[in-house]
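Residue strings, one per chain:
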Amino acid sequence: QVQLVESGGGLVQAGESLRLSCAASGIRFSIYAMGWYRQAPGKQRELVARIGSDGSTNYADSVKGRFTISRDNAKNTVYLQMNSLEPEDTSLYYCNTKAFTIDYWGKGTLVTVSS
């Protein structure tokens with residue numbers, strides 16, 4: 001049974017930082033790409049960052065230079081370091097992987113950035 005559990009969200013002021021974590025279980029973590037998505041109220045879910053099994057990364061234009069995705073295969077965990085947070089980053093952040101053609105999602109962690 002695949003499980004993704006996010007943590008690290010919270011309320012911060014604009015310009016501050018947060019680090020999100022996503023702990024995965026039930027999959028051979030090291031061979032799968034992992035992603036962070038976010039969804040703000042009334043908006044579609046969007047890709048924030050993705051890291052491949054080889055460590056390659058890609059980012060949404062809106063977060064390039066501010067967010068960094070990384071992974072620790074020994075801990076089955078993917079991270080999202082978020083710096084210089086803006087009110088527009090306020091969203092529910094979800095962890096995602098696709099295994100055996102199935103998309104798996106965590107329940108999300110809420111990030112709120114006040115101005």
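Everything discussed here concerns the structure shown above.
Just so we're clear, the structure is a prediction, and the values are computed from it rather than from any experiment.

(A) Structural detail: the overall build of the chain. A tally of helices and strands in the chain yields zero helices and 11 strands. Walking the chain from its N terminus toward its C terminus, one meets helices and strands in the order β-β-β-β-β-β-β-β-β-β-β. Whereas a compact globule of 115 residues would reach a radius of gyration of roughly 13 Å, the chain reaches 13 Å, a difference of no more than 12%. Over its C-alpha atoms, taken along the principal directions, the chain stretches across nearly 40 × 25 × 20 Å. Counting across all 115 residues of the chain, residues that qualify as buried make up 40%. Looking at the chain alone, contacts between residues at least 24 apart form 53% of all its contacts between residues at least 6 apart. Summing over all exposed atoms, the chain offers an accessible surface of approximately 6200 Å²; the carbon and sulfur share of this is 46%. Positive and negative side-chain charges of the chain, numbering 12 and 10 respectively, have mean locations separated by a distance of 7 Å.

(B) Geometry of the packing of aromatic side chains. Overall, the coordinates contain three aromatic pairs when judged by the stated rule. Considering the side-chain rings of Tyr 32 and Phe 100, the 6.3 Å spacing of their centres and the 65 degrees angle between planes classify their relative orientation as edge-to-face. On the criterion of sequence distance, the pair formed by Tyr 32 in the loop between strand 3 (18-25) and strand 4 (34-39) and Phe 100 in the loop between strand 9 (91-99) and strand 10 (102-105) is long-range, its members being 68 residues apart. Ring geometry for Tyr 94 against Trp 105: centres 6.4 Å apart, planes inclined by 90 degrees, an arrangement best described as edge-to-face. Residue Tyr 94 is located in strand 9, and its partner Trp 105 is located in strand 10; the two are separated by 11 residues in the primary sequence. Owing to a relative accessible area of 35%, Trp 105 belongs among the partly exposed residues under this scheme. Cluster of aromatic residues (ring-pair linked, three or more members): Tyr 37, Tyr 94 and Trp 105. One cation-aromatic arrangement involves Arg 45 over Tyr 94; the distance from NZ or CZ to the ring centre is 3.8 Å. Positioned above the aromatic ring of Phe 29, the side-chain terminus of Arg 71 is 4.5 Å from the ring centre.

(C) Up close: the environment of Tyr 79. Note that Tyr 79 resides in strand 8 (residues 77-82). Each C-alpha atom of the pair Tyr 79 and Gly 8 lies 9.6 Å from the other, and the pair is 71 residues apart in sequence. Ignoring sequence-local partners within four residues, the contact set of Tyr 79 consists of Arg 19, Leu 20, Ser 21, Trp 36, Thr 68, Ile 69, Ser 70 and Asp 72.

(D) Local environment of the side chain of Thr 109. Among the secondary structure elements, Thr 109 is positioned in strand 11 (residues 109-114). Only 3.0 Å separates the side chain of Thr 109 from the backbone nitrogen of Gly 9, close enough to count as a polar contact. Discounting residues that sit within four places of it in the chain, Thr 109 has contacts with Glu 6, Ser 7, Gly 8, Gly 9, Leu 20, Ser 91, Leu 92 and Tyr 93.

Analysis parameters
Residues numbered from 1 in each chain as written. Predicted model: local features only at pLDDT ≥ 70, side-chain atom pairs only at ≥ 80, totals over all residues. Heavy atoms only, no water. Helix = DSSP H or I, 4+ residues; strand = E, 2+ residues; numbered from the N terminus. Rg over C-alpha atoms; globule rule 2.2 N^0.38 Å. Buried < 20%, exposed > 50% of the residue type's maximum accessible area, 1.4 Å probe, protein only. Contact = heavy atoms within 4.5 Å. Areas by Shrake-Rupley, 256 points an atom, 1.4 Å probe, with all protein chains shown as cover. Lys, Arg positive; Asp, Glu negative; His and termini not counted. Charge placed at Lys NZ, Arg CZ, Asp CG, Glu CD. Phe/Tyr/Trp six-rings, centres within 6.5 Å; stacked < 30°, edge-to-face > 60°. Lys NZ or Arg CZ within 6 Å of the ring centre and 35° of its normal. Polar contact = N/O pair within 3.5 Å; in protein donor to acceptor, adjacent residues only side chain to side chain.

Remember that the coordinates give geometry; whether it matters functionally is a separate question.
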